[in-house]
Amino acid sequence: MAEVLTAVVIVGIILTVGVIVLLALLERWRVEAAADQFAGDLRLAHTRATEQLTDWRVVFMADGTPLGGCSSADYCMVKLNFPYGAGDPAPALDDSVGPGVRELPDGTKIKEVTFDPDCSHGDRSAAVAPSSCGSGGAQDDATRTLEFNSNGTVRTLRPGQSGTVVISSDDGSPVCPVVFNAPTSRIRIGEIFYP
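Scope of this entry: the structure provided in the associated data block.

**Notes on the pattern of salt bridges**
- For the structure on display, the rule yields four salt bridges.
- The shortest N-O distance in the salt bridge between E32 and R28 comes to 3.4 Å. Here E32 pairs with R28, and both are found in helix α1 (residues 2–52), just four residues apart, close to one helical turn.
- For R28, a relative accessible area of 25% puts it in the partly exposed group.
- Between D41 and R102 there is a salt bridge; the shortest N-O distance is 2.6 Å.

**Quick look at α1**
- Relative to the 75 Å expected for 51 residues at 1.5 Å per residue, α1 spans 74 Å between its end C-alpha atoms, a close match to the ideal helical length.
- Those residues of α1 not exposed but buried are V31, A34, A35, F38, A39, D41, L42, A45 and A49.
- With its phi angle positive at about 55°, L53 sits one or two positions after the end of α1.

**Some remarks on the pairing of strand β1 (residues 56–60)**
- Most of β1 sits out of view: five of its five residues are buried.
- Residue alternation in β1 divides its side chains into two sets, W56, V58 and F60 and R57 and V59, and both sets are buried.
- Sheet analysis places β1 next to strand β2 (residues 75–79), joined by five bridges and oriented antiparallel. Considered in β2, the bridge of F60 is made with Y75.

**A few points about unusual backbone geometry**
- Here the residue pair S173 and P174 is connected by a cis peptide bond, since its omega of 5° sits within 30 degrees of zero.
- Non-glycine residue L53 carries a positive phi angle of around 55°.
- With a relative accessible area of 58%, L53 lands in the exposed category.

**Digging into the nonpolar core**
- Ranked by size, the top nonpolar core spans 27 residues in total, and within it F38, V58, F60, I110, F148 and I167 carry the most contacts.
- Going through the elements one at a time, α1, β1, β2, β4 (108–117), β5 (145–148), β7 (161–169) and β8 (175–181) are the ones with two or more residues in this core.
- Residue contributions to this core peak at eight residues, all from α1.
- Filtering out sequence-adjacent residues up to four positions away, I110 remains in contact with F38, F60, D74, Y75, L104, V165, V166 and I167.

**Observations concerning the sheet that holds β1**
- Taken in spatial order, the five strands line up as β3-β2-β1-β5-β6 in an open sheet, and their pairing is antiparallel. What marks the edges here is a single partner per strand, and that holds for β3 (100–102) and β6 (154–156). Taken pair by pair, the neighbouring strands of this sheet meet at an average axis angle of 20°, ignoring direction.

**Looking at the environment of F38**
- Of note, F38 is situated in helix α1.
- Taking the C-alpha atoms as reference points, F38 and Y75, separated by 37 residues in sequence, lie 9.0 Å from one another.
- Residues contacting F38, with those up to four places away along its chain left out, are V58, F60, Y75, I110, V165, I167 and V178.

**Some words on the packing of aromatic side chains**
- Evaluated as defined, the whole model comprises two aromatic pairs.
- Aromatic pair F38 and F60: ring centres 5.6 Å apart, planes at 45°, arrangement tilted. With F38 in helix α1 and F60 in strand β1, this pair connects stretches of sequence that are 22 residues apart. By the burial criterion, F38 is buried, and F60 matches it.
- Three or more aromatic residues link up through ring pairs in this structure, and these residues are F38, F60 and Y75.

So, how was this worked out
- Residues numbered from 1 in each chain as written.
- Predicted model: local features only at pLDDT ≥ 70, side-chain atom pairs only at ≥ 80, totals over all residues.
- Heavy atoms only, no water.
- Salt bridge = Lys/Arg side-chain N within 4 Å of Asp/Glu carboxyl O.
- Helix = DSSP H or I, 4+ residues; strand = E, 2+ residues; numbered from the N terminus.
- Buried < 20%, exposed > 50% of the residue type's maximum accessible area, 1.4 Å probe, protein only.
- Expected span 1.5 Å × (residues − 1).
- Pairing = 2+ DSSP bridges.
- Core = buried A, V, L, I, M, F, W, Y, C linked by side-chain atoms within 4.5 Å.
- Contact = heavy atoms within 4.5 Å.
- Axes fitted to C-alpha atoms, helices over the stretch in contact; angles between N-to-C directions.
- Phe/Tyr/Trp six-rings, centres within 6.5 Å; stacked < 30°, edge-to-face > 60°.

Encoded structure:
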């Protein structure tokens, strides 16, 4: 009888450890899926902008930006009615294409957004490297809107900035960074890690 009880206890311990490992893996896969979805939507906005020759924006709703129909979404994809550059009057949204409301998988969120003032304009041989220029407060007041331009570039509403959007589980761990480079429009999913 003691042998049976010992076997039951050992099986119970193995099952408990297995369930804990499985739950951790599921959370990791959920964050990876959210990062893949977000990066895929950034690439889609880039493709649409270059093919349709107008600007597309990806707006993170955590910013509180009032866009009709997607105020409670995780982020939104919107088309502008014409491309514009710095100094042009603010463009209106294209009324023929409603905002694309996007939700991340359950249990995930956009944890943080950081922008890197890129005063070298992508020139790696510049005297001032992209990550070490500009004022320290640029991250605090930067917008949480990425704009994909018809010429193939991406910018925040402050031109020439690259950055990282961090996707995490609701409890903050694990996290997965999605990195975008303004001059090249390259979007890369970073390694998932546990802070």
